[in-house]
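So you can see what is in the structure, the chains are spelled out below.
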Amino acid sequence: MAVGIVINRLVLVVAYFAGAAVVSSWLDDVPPEIASKLDSGSNATARFATDYGGVTRAANPAAVFHPSTADDIAALLRFAYCAESPFPVAARGNGHSVRGQALAPGGVAIDMAALGGGRRRINVSSAGMYVDAGGEQLWIDVLEAALRQGLSPQSWTDYLYLTVGGTLSNAGISGQAFRHGPQISNVYELDVVTGKGEMITCSSQSDRDLFYGVLGGLGQLGVITRARIALRPAPARVRWLRLFYTDLGDLTRDQEFLISLPETTGFDYVEGQVLLSHQRVGNSTFYSKQDVDSINRLKGELNIIYFLEGALYYDSPSIADQKIEDLLKQLNFVPGFVFSNDVTYLEFLNRVHNEIQKLNSTDDDDSSSTAPLHPWLNLFLPKSGVRDFQLGILENINLTGLILLYPLNKNRWNDIMTATVPNEEVFYTVGFLWTATVEDWGTFDALNNEILGFCDQHGIEVKQYLPHYTSKLDWAWHFGSDKWEKFVQLKRRYDPKALLSPGQQIFN
Ligand code: FAD
């Protein structure tokens, strides 16, 4: 049972950062080769005191480190490890965490984007069918480099402006993961700098404990400076569909059917979304004006409706047409409520960014200069809990926001990795992607706590994805006793002074 999850998070956030000792006397002792890459000016450090979520306001790091090479990171970590007062160090990818996971109050934030001095560190091997990508590289750049050779990684996140090291430290999931597993299941090899400053190349064959430990390891065992990622031939185009449902049972039955199909007959991507009682389909590049009107008519007075999002990759239009026709015949969406787009593979994978850009460029009303806050909650929900979840949570939410809901197959996850998922063959990703303001984010946070509390009370063994806990007890519960014990042992071995990624609040 999760302990302490229903405690006011604001209190926890404040407590954590009030307790973070800001010891920066070590700055005076830093050797010149490291000092030349440290910036302790407040302009630099203030940028690294919050993240995309915006709800965690930490003390600034004492300095930001701009490494040119992986050796620089190793030198910094050796120094931190041997210092009289060892100091915390956090790799910062693109800072797209939402709960302060990449922050290092009072310590050093590594500006991973500095690696390579602005040069792309991405090498595609078409002979080996892999790409070697720096841990700091954005997935969009990895994709574009691979596409130049007609290749592509096969497992993605919905949004591609995230770093390789950042998503591999979590899992990296999207609508392809039901078939190919999360991004962490598609890695051949890693270069890692440990918390002692050792540089280790690891894989399933060599230093395998470290390799599997780092995948989903929340930045606790080392800094990923290179990942070798599996590639496959890239398709040319994508048929991208949305099918509407008024009944959750119909939606989930169809989703589960689709994720059971082999590649030859099924979709290549399956996701889904919930439209809550107050929501209407609005301006979007996906739908025509007429589509929007008819979906909103369907919604009418209904409390909730849902859509299944599927995508089929193709090179031959006639084969794609036939496959889709066969698939649609087997699904139970509301007759007539199927909408489709035909886009390039790049446009499809980059859809979230494209959508944001297009909406921004046509949005005249947005005069607000305050960045919104994102108190998100992402859960892995066991299939057996979906019905209770619907009745107890979805049908009782009074707030609006984007809610993702789609199933994954557990057999595509390797349990030897640190990433943790529920113990059922099929589990659902549920993402509550709230957008809030400084004034109202607490309301969303309270709802998140209510959701976790409901699952707890009803014995629904959800696992948080991109987890946020603040006590060792909760972390131990999150991982489960075997995995937790192993993680603790790995931490002792690779980061014995608990310097790395303190913002996760696991070992410090
Ligand atoms: P950061 O936030 O900078 O870091 C995350 C953690 O990893 C920190 O603890 C940090 O210290 C550590 N870290 C960073 N780089 C390294 C490294 N090289 N080596 C070791 N540790 C490191 N996730 C999904 O799975 N699927 C999605 O579809 C998805 N969509 C998203 C869309 C948006 C708009 C946002 C904001 C987030 C989304 N995420 C998604 C979550 C995202 O994967 C995580 O927040 C991820 O951590 C962000 O990557 P980042 O590069 O910004 O990492």
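Above this text you will find the structure in question.
Residues numbered from 1 in each chain as written. Predicted model: local features only at pLDDT ≥ 70, side-chain atom pairs only at ≥ 80, totals over all residues. Heavy atoms only, no water.

**What about the overall build of the protein chain?**
Just so we agree on the cut-off: A helix here means a DSSP run of H or I that spans at least four residues, while a strand means a run of E at least two residues long, and both kinds are numbered starting from the N terminus. Both definitions apply: the radius of gyration is a C-alpha atom measure, and the globule rule equals 2.2 Å times residues to the power 0.38. Only protein chains enter the accessibility calculation, which uses a 1.4 Å probe. A residue is then buried if its area is under 20% of the maximum for its type, exposed if over 50%, and partly exposed in between. Method for areas: the Shrake-Rupley scheme with a 1.4 Å probe, in which residue coverage is limited to the protein chains shown. For the purpose of charge, His is not counted, nor are the chain termini; Lys and Arg are scored as positive and Asp and Glu as negative. Think of each charge as sitting on NZ of Lys, CZ of Arg, CG of Asp or CD of Glu.
Helix and strand content of the protein chain: 17 helices and 19 strands. Against the globule reference of 23 Å for 508 residues, the protein chain gives a C-alpha radius of gyration of 23 Å, in line with a compact fold. Across its three principal axes, the protein chain shows a C-alpha extent of roughly 70 × 55 × 50 Å. Out of the 508 residues in the protein chain, the part that is buried amounts to 59%. Put simply, the protein chain shows about 20700 Å² of open surface, and 50% of that area lies on carbon and sulfur atoms. Computed over 41 positive and 56 negative side-chain charges, the separation of the two mean positions in the protein chain equals 4 Å.

**Observations regarding the environment of Trp 413**
Here is the rule: Any pair of residues with heavy atoms lying within 4.5 Å of one another is described as a contacting pair.
Along the chain, Trp 413 falls in the loop between strand S17 (402-409) and strand S18 (426-433). C-alpha of Trp 413 to C-alpha of Ile 184: the two residues are 229 residues apart in sequence and 8.4 Å apart in space. Not counting residues up to four positions away in its chain, the partners in contact with Trp 413 are Ala 171, Ile 173, Pro 182, Ser 185, Phe 380, Leu 408, Ala 419, Val 421 and Phe 427.

**Comments concerning the site of the ligand**
To keep things clear, this is the line we draw: A single heavy atom is enough: if one lies within 4 Å of a molecule or strand, its residue is considered near that molecule or strand. Here a polar contact means two N or O atoms within 3.5 Å. Within protein one must be a hydrogen donor candidate and the other an acceptor candidate, and residues neighboring in sequence count only if both atoms are side-chain atoms. When residues are grouped by polarity, Ala, Val, Leu, Ile, Met, Phe, Trp, Tyr, Cys and Pro land in nonpolar, Asp, Glu, Lys and Arg in charged, and all others, Gly among them, in polar.
Around the ligand, the structure places 32 residues, and the nearest of them are Ala 91, Ser 97, Asp 158, Thr 163 and Tyr 465. In the environment of the ligand, an oxygen atom lies 2.6 Å from a nitrogen or oxygen atom belonging to the backbone of Asp 158. In isolation the ligand has 960 Å² of accessible area, and contact with the protein removes 95% of it. Secondary structure elements with two or more residues in the shell around the ligand: strand S3 (89-92), helix H6 (164-168) and strand S10 (222-230). When grouped by side-chain class, the residues that make up the shell around the ligand number 12 nonpolar, 18 polar and two charged.

**What to know about the environment of Pro 317**
Counting through the fold element by element, Pro 317 comes out in helix H11 (residues 317-329). As a C-alpha pair, Pro 317 and Leu 162 span 155 residues in sequence and 32 Å in three-dimensional space.

**Thoughts on the nonpolar core**
The condition that has to hold: We define the nonpolar core as a collection of buried residues of types Ala, Val, Leu, Ile, Met, Phe, Trp, Tyr and Cys that are connected through side-chain atoms lying within 4.5 Å of one another.
Residues Leu 168, Leu 190, Phe 244, Phe 389 and Phe 432 are the most contacted members of the largest nonpolar core, which totals 131 residues. When residues of this core are assigned to their parent elements, the largest contribution, eight residues, is made by strand S14 (residues 305-314).

**Section: the pairing of strand S6 (residues 130-134)**
Here is the rule: Whether two strands pair comes down to DSSP finding at least two bridges between them.
Of all five residues in S6, five are buried, a share of seventy percent or more. Side chains of S6 alternate between two faces, with Tyr 130, Asp 132 and Gly 134 and Val 131 and Ala 133 buried alike. By the bridge criterion, four bridges tie strand S5 (residues 122-125) to S6 in an arrangement that is antiparallel. Counted as the bridge partner of Ile 122 is Ala 133 from S6. Of the pairings in the sheet, the one linking S6 to S10 comprises five bridges and is antiparallel in character. If you follow Tyr 130 over to S10, its bridge partner there is Ala 230.

**Some thoughts on the side chain of Thr 50**
For Thr 50, the position within the fold is in the loop between helix H3 (42-47) and strand S2 (63-65). Side-chain polar atoms of Thr 50 contact the backbone oxygen of Thr 56, separated by 3.2 Å. Those residues in contact with Thr 50, other than ones at most four positions away along the chain, are Thr 56, Arg 57, Arg 92 and Leu 103.

**Considerations on the pattern of salt bridges**
The criterion, for reference: Salt bridge, as used here: a side-chain nitrogen of Lys or Arg that lies within 4 Å of a carboxyl oxygen of Asp or Glu.
Applying the stated criterion across every chain, the model contains 22 salt bridges. The residue Asp 342 makes a salt bridge to Arg 237 at a minimum N-O spacing of 2.7 Å. You can see Asp 342 sitting in strand S15 (residues 338-344) and its partner Arg 237 sitting in strand S12 (residues 237-245), a full 105 residues away along the chain. The partner of Asp 321 in a salt bridge is Arg 239, and the shortest N-O contact between them spans 2.3 Å. With a gap of 82 residues between them, Asp 321 in helix H11 and Arg 239 in strand S12 connect regions that are remote in the sequence. Overall, the relative accessible area of 15% leaves Arg 239 in the buried class. Salt bridges linked by common partners bring Asp 132, Glu 189, Asp 191, Arg 226 and Arg 228 together as one network.

**Section: the pairing of S10**
Here S10 lies mainly inside the structure; nine of its nine residues are buried. Pairing of strand S8 (residues 187-194) with S10, which is carried by seven bridges, proceeds in the antiparallel orientation. Within S10, the residue paired with Val 193 across the bridge is Val 223.

**Thoughts on the sheet that holds strand S1 (residues 38-39)**
For sheets, the rule is that strands pair by backbone hydrogen bonds, running either parallel or antiparallel. Strands sit in the order S1-S2-S4-S3 across an open sheet of four strands; the sheet is mixed. Every interior strand has two partners, whereas the edge strands, S1 and S3, have only one. Pairing analysis gives two bridges linking S1 to S2, with the strands arranged antiparallel. Bridge pairing links Asp 39 to Val 64 in S2.

**Re the packing of aromatic side chains**
This is how the line gets drawn: Each pair of aromatic rings taken from Phe, Tyr and Trp, with Trp reduced to its six-membered ring, is defined by centres within 6.5 Å and is described as stacked if the planes are under 30 degrees apart, edge-to-face if over 60, and tilted in the remaining cases. Any Lys NZ or Arg CZ found within 6 Å of a ring centre and within 35 degrees of that ring's normal is scored as a charge over the ring.
Evaluated as defined, the whole model comprises 30 aromatic pairs. When the centroid spacing of 5.3 Å and the interplanar angle of 45° are considered together, the rings of Phe 244 and Phe 307 count as tilted. Of the two residues, Phe 244 is situated in strand S12 and Phe 307 in strand S14; the sequence distance between them amounts to 63 residues. Here Phe 244 and Phe 307 have matching classes, each one buried. Across from the ring centre of Tyr 314, 4.8 Å away, lies the NZ or CZ of Arg 239, which sits over that ring.

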